[in-house]
Amino acid sequence: GRRRATFRWAPGAVRASDWESVHGASVGSGTFVQTNTSNSWSYGAYTWANPITATSDVYGVSATFSNGSGGTDKYAVLGLAFAASKDDGHHPDHTEYGLYWVSGGGLRVLENDVNMLTTGVTWTPSTVCKVLVNRTTDKVEYWADGTLLYTSTKAITYPLALKITSHTHNST
């Protein structure tokens, strides 16, 4: 089935007109729904409407995710991408800082498709996940339901865009 993710900039909402490079999905104001049912990381979108810079008001993204019927049997990566990688496709290795919703409820931290942490958090469709730039430390942080999961050790290269990629696994 389809999966639905609701994305919100921190602060503000992503408008339907903000999304670019949309593949195999429909987008709306603050939403992304994968419509293609094949097994591939080729589906996703990004937005440069409010890029994250060292001085911008925008500092990250938060989202919830489900399979469209309230389940956790799908995969997706939410995160931030550098300007140089935004057009490189929707595979997770083109997302510099990402939270990876794993089928069955696992949650991982990925940086350039490298597993930095298997969090031990079991996500549900109501789990609020965040990928944020901490303005004090100038480091990217990964959060789930208000709990800090991991702080990146990588130096940030600005600007950063919101990027989502999803994978349909055994969907019908």
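Preceding this paragraph is the structure being described.
Residues numbered from 1 in each chain as written. Predicted model: local features only at pLDDT ≥ 70, side-chain atom pairs only at ≥ 80, totals over all residues. Heavy atoms only, no water.

Colleague: Break down unusual backbone geometry for me, with residues and values.
Modeller: Residue P159 is reached from Y158 by a cis peptide bond, and omega for that bond is -5 degrees. Unusually for a residue other than glycine, N112 sits at a positive phi of about 55 degrees. Within the fold, N112 resides in the loop between β9 (106-111) and β10 (114-122). The phi angle at D138 is positive, at roughly 55 degrees, despite the residue not being glycine. Summarising the element assignment, D138 is placed in the loop between β11 (129-134) and β12 (139-144). With relative accessibility at 34%, the residue D138 sits in the partly exposed group. (Helix = DSSP H or I, 4+ residues; strand = E, 2+ residues; numbered from the N terminus. Buried < 20%, exposed > 50% of the residue type's maximum accessible area, 1.4 Å probe, protein only.)

Colleague: How would you summarise the nonpolar core if you had to cite specific residues and measurements?
Modeller: In terms of nonpolar packing, the biggest core is built from 31 residues, with Y97 and W101 touching the most fellow members. No other element matches strand β7 (residues 75-82), which puts 4 residues into this core. By size, the runner-up hydrophobic cluster in this structure holds 6 residues, among which are W41, Y75, V102 and L110. (Core = buried A, V, L, I, M, F, W, Y, C linked by side-chain atoms within 4.5 Å.)

Colleague: Give me the lowdown on the packing of aromatic side chains, citing residues and values where you can.
Modeller: In total, this model carries 4 aromatic pairs according to the counting rule given. When the centroid spacing of 6.4 Å and the interplanar angle of 65 degrees are considered together, the rings of W101 and W123 count as edge-to-face. Of this pair, W101 sits in strand β8 (residues 97-102) while W123 sits in the loop between β10 and β11, and the two are 22 residues apart along the sequence. Each of the two residues, W101 as well as W123, counts as buried. (Phe/Tyr/Trp six-rings, centres within 6.5 Å; stacked < 30°, edge-to-face > 60°.)

Colleague: An account of the pairing of β12 is requested, with residue identities and associated values reported.
Modeller: Pairing between β11 and β12: 6 bridges, direction antiparallel. Note on β12: the bridge partner recorded for V133 is V140. From the end of β11 to the start of β12, which pair antiparallel, there are 4 residues, and D138 there has a positive phi angle of about 55 degrees. Pairing of β12 with strand β13 (residues 147-151) involves 4 bridges; the strand directions are antiparallel. For E141, the partnering residue across the bridge sits in β13 and is T151. Once β12 ends, the chain turns through 2 residues before running back antiparallel as β13, passing D145 with a positive phi of about 50 degrees. (Pairing = 2+ DSSP bridges.)

Colleague: So what about the environment of N134? Which residues, and what values?
Modeller: Looking at the element boundaries, N134 is found in strand β11. Not counting residues up to four positions away in its chain, the partners in contact with N134 are K139 and E141. There is a polar contact of 2.8 Å between the side chain of N134 and the side chain of E141. (Contact = heavy atoms within 4.5 Å. Polar contact = N/O pair within 3.5 Å; in protein donor to acceptor, adjacent residues only side chain to side chain.)

Colleague: Give me the lowdown on the environment of V27, citing residues and values where you can.
Modeller: Positionally, V27 belongs in strand β3 (residues 25-28). You can call V27 partly exposed: its relative accessible area is 28%. Note: C-alpha distance between V27 and A45 (18 residues apart in sequence) is 8.6 Å.

Colleague: Go over the pairing of β9, please, and point to the residues and values.
Modeller: Two faces, one strand: in a regular strand the side chains alternate between the faces of the sheet. Bridging between β8 and β9 involves 5 bridges; their strand directions are antiparallel. When the sheet's bridge partners are listed, V102 is paired in β9 with G106. Between the end of β8 and the start of β9, which pair antiparallel, lie 3 residues, with G104 showing a positive phi angle near 95 degrees. Across 5 bridges, β9 lies against β10 in antiparallel orientation. Opposite R108, over in β10, you have T118 as the bridge partner. The antiparallel pairing of β9 with β10 creates a hairpin that spans 2 residues between the two strands, and N112 there sits at a positive phi of about 55 degrees.

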